[in-house]
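Residue-level listing of the chains:
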Amino acid sequence: DTAVSQTPKYLVTQMGNDKSIKCEQNLGHDTMYWYKQDSKKFLKIMFSYNNKELIINETVPNRFSPKSPDKAHLNLHINSLELGDSAVYFCASSQVGYGYTFGSGTRLTVV
Amino acid sequence: DQQVKQNSPSLSVQEGRISILNCDYTNSMFDYFLWYKKYPAEGPTFLISISSIKDKNEDGRFTVFLNKSAKHLSLHIVPSQPGDSAVYFCAAILTGANSKLTFGKGITLSVRP
């Protein structure tokens with residue numbers, strides 16, 4: 001199936017740990033994104049990559065480091081996890097700049 | 001600084017009636033507006049969009065209206081069905097090299113059988 005898939009779906013970890021979330025799209029889109037949905041339900045953009053190049057970084061702490069090995073993958077690595085990092089993280093992709101396709105989300109819980 | 005606002009957190013309507021979901025925005029430079037629908041434990045899925053040069057776009061039971069002077073758009077669902085129960089996000093975009101979707105907070109729609 002053509003889709004944006006992200007793993008894992010659920011992630012529970014302790015404060016201070018380092019974790020990664022993976023995202024892959026097989027839609028042939030050039031641009032990929034990470035969005036965060038916090039406890040107040042806002043969906044906010046974190047990063048955007050176009051053809052492996054970072055184009056948007058929305059004042060995200062540098063504990064968050066995206067990595068795009070190719071245009072079909074955009075992974076998110078988080079160092080020294082904090083309680084406030086608990087949220088649902090959505091990966092998305094697009095071709096023209098709108099009409100985003102989202103993954104099903106990764107619910108991160110930091111305890 | 002919320003550029004896209006959905007001020008009502010929830011809406012409940014009877015099956016068969018019309019659902020009207022409202023959205024306001026502050027940035028007059030936005031050139032496309034979109035509605036996304038989200039079920040629990042799933043990602044948002046695209047529903048319908050409208051260009052800033054139009055005032056109406058219709059797709060089956062879903063119609064989006066845009067009032068640029070008021071910086072307001074609305075999504076009409078008629079007739080509403082129980083399967084429409086979900087969270088609806090209004091989003092806007094300024095297309096270009098560094099474009100990004102800016103979302104509202106979402107409205108939870110419940111359609112009562």
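Structure: above.
Residues numbered from 1 in each chain as written. Chains lettered and ligands numbered in written order. Predicted model: local features only at pLDDT ≥ 70, side-chain atom pairs only at ≥ 80, totals over all residues. Heavy atoms only, no water.

Participant: Before we move on, can you summarise the pairing of strand β9 (residues 86-93) of chain B with the specific residues and values?
Facilitator: Residues and elements named next belong to chain B. Among the eight residues that make up β9, seven are buried, leaving the element largely enclosed by the rest of the structure. Across seven bridges, the pairing between strand β4 (residues 32-38) and β9 is antiparallel. Each bridged residue has a counterpart across the sheet, and for Tyr-36 the counterpart in β9 is Phe-89. Sheet topology note: the β9/strand β11 (residues 107-112) ladder contains three bridges and is antiparallel. From the neighbouring strand, Val-87 faces β11, where its bridge partner is Thr-108. Direction of pairing for β9 relative to strand β10 (residues 101-103): antiparallel, over a ladder of three bridges. (Buried < 20%, exposed > 50% of the residue type's maximum accessible area, 1.4 Å probe, protein only. Helix = DSSP H or I, 4+ residues; strand = E, 2+ residues; numbered from the N terminus. Pairing = 2+ DSSP bridges.)

Participant: So what's going on with the nonpolar core? Which residues, and what values?
Facilitator: Core analysis: the largest hydrophobic core is formed by 24 residues, its most contacted members being Phe-33, Trp-35, Leu-73, Leu-75 and Tyr-88 of chain B. For this core, the elements supplying multiple residues, two or more each, are β3 (19-25), β4, β5 (45-51), β7 (62-67), β8 (72-77), β9 and β11 of chain B. When near neighbours in sequence (up to four residues on either side) are disregarded, Tyr-88 of chain B contacts Gln-6, Leu-21, Trp-35, Tyr-36, Lys-37, Leu-47, Leu-75, Ile-77, Gly-106, Ile-107 and Leu-109 of chain B. Of all hydrophobic cores here, the second largest spans 20 residues; its members include Val-4, Met-46, Val-60 and Phe-64 of chain A. (Core = buried A, V, L, I, M, F, W, Y, C linked by side-chain atoms within 4.5 Å. Contact = heavy atoms within 4.5 Å.)

Participant: Tell me about the interface of chain B and chain A, and please be specific about residues and values.
Facilitator: Counting residues at the interface gives 19 residues for chain B, matched by 21 residues for chain A. Here chain B meets chain A over a buried area of about 1,700 Å², counting both sides, of which 64% is carbon and sulfur. Sorting the residues of chain B by area buried against chain A places Lys-100, Phe-103 and Lys-105 of chain B first, and these three jointly supply 28% of that buried surface. For Glu-58 of chain A, the salt bridge goes to Lys-100 of chain B, with nearest N and O atoms at 2.9 Å. On inspection of chain B and its partner chain A, the count reaches five residue pairs in polar contact (both at pLDDT 80 or more). Going through the elements one at a time, β4, β9 and β10 of chain B are the ones with two or more residues in the side of chain B that touches chain A. Looking at the side of chain B that touches chain A residue by residue, the class counts come to ten nonpolar, five polar and four charged. (Buried area = accessible area lost by both parts, 1.4 Å probe. Salt bridge = Lys/Arg side-chain N within 4 Å of Asp/Glu carboxyl O. Polar contact = N/O pair within 3.5 Å; in protein donor to acceptor, adjacent residues only side chain to side chain. Nonpolar A, V, L, I, M, F, W, Y, C, P; charged D, E, K, R; others polar.)

Participant: An account of the sheet that holds strand β1 (residues 4-7) of chain A is needed here, citing residue identities and associated values.
Facilitator: Residue and element names in this part refer to chain A. Spatial strand order, β1-β3-β8-β7: four strands in an open sheet with antiparallel pairing. Strands at the two margins of the open sheet, each flanked by one partner only, are β1 and β7 (64-70). Geometrically, the sheet is characterised by an average inter-axis angle of 20° between neighbouring strands, direction not taken into account. (Axes fitted to C-alpha atoms, helices over the stretch in contact; angles between N-to-C directions.)

Participant: Account for the state of the cysteines, with residues named and values stated.
Facilitator: Residues and elements named next belong to chain A. Following the criterion strictly, the structure yields two disulfides over all chains and no others. A sulfur-sulfur distance of 1.8 Å marks the disulfide that ties Cys-23 to Cys-91. Here Cys-23 and Cys-91 share a disulfide; its torsion about the S-S bond, -80°, makes the bridge left-handed. Taken together, the residues Cys-23 in strand β3 (residues 19-25) and Cys-91 in strand β9 (residues 87-94) connect sequence positions 68 residues apart. (Disulfide = S-S within 2.5 Å.)

Participant: Quick rundown of unusual backbone geometry? Include the residues and the values.
Facilitator: In this chain, Thr-7 of chain A is followed by Pro-8 of chain A through a cis amide linkage whose omega measures -5°. By the element assignment, Pro-8 of chain A lies in the loop between β1 and β2 (10-13). A cis geometry characterises the amide bond from Val-78 of chain B onward to Pro-79 of chain B, with omega recorded as -10°. Within the fold, Pro-79 of chain B resides in the loop between β8 and β9. At Lys-52 of chain A, a residue that is not glycine, the phi angle is positive and equals roughly 75°. Relative to the assigned elements, Lys-52 of chain A resides in the loop between β5 (43-50) and β6 (53-57). We classify Lys-52 of chain A as partly exposed; its relative accessible area is 48%.

So, to be careful, I would describe these as geometric facts and stop short of saying anything about function.
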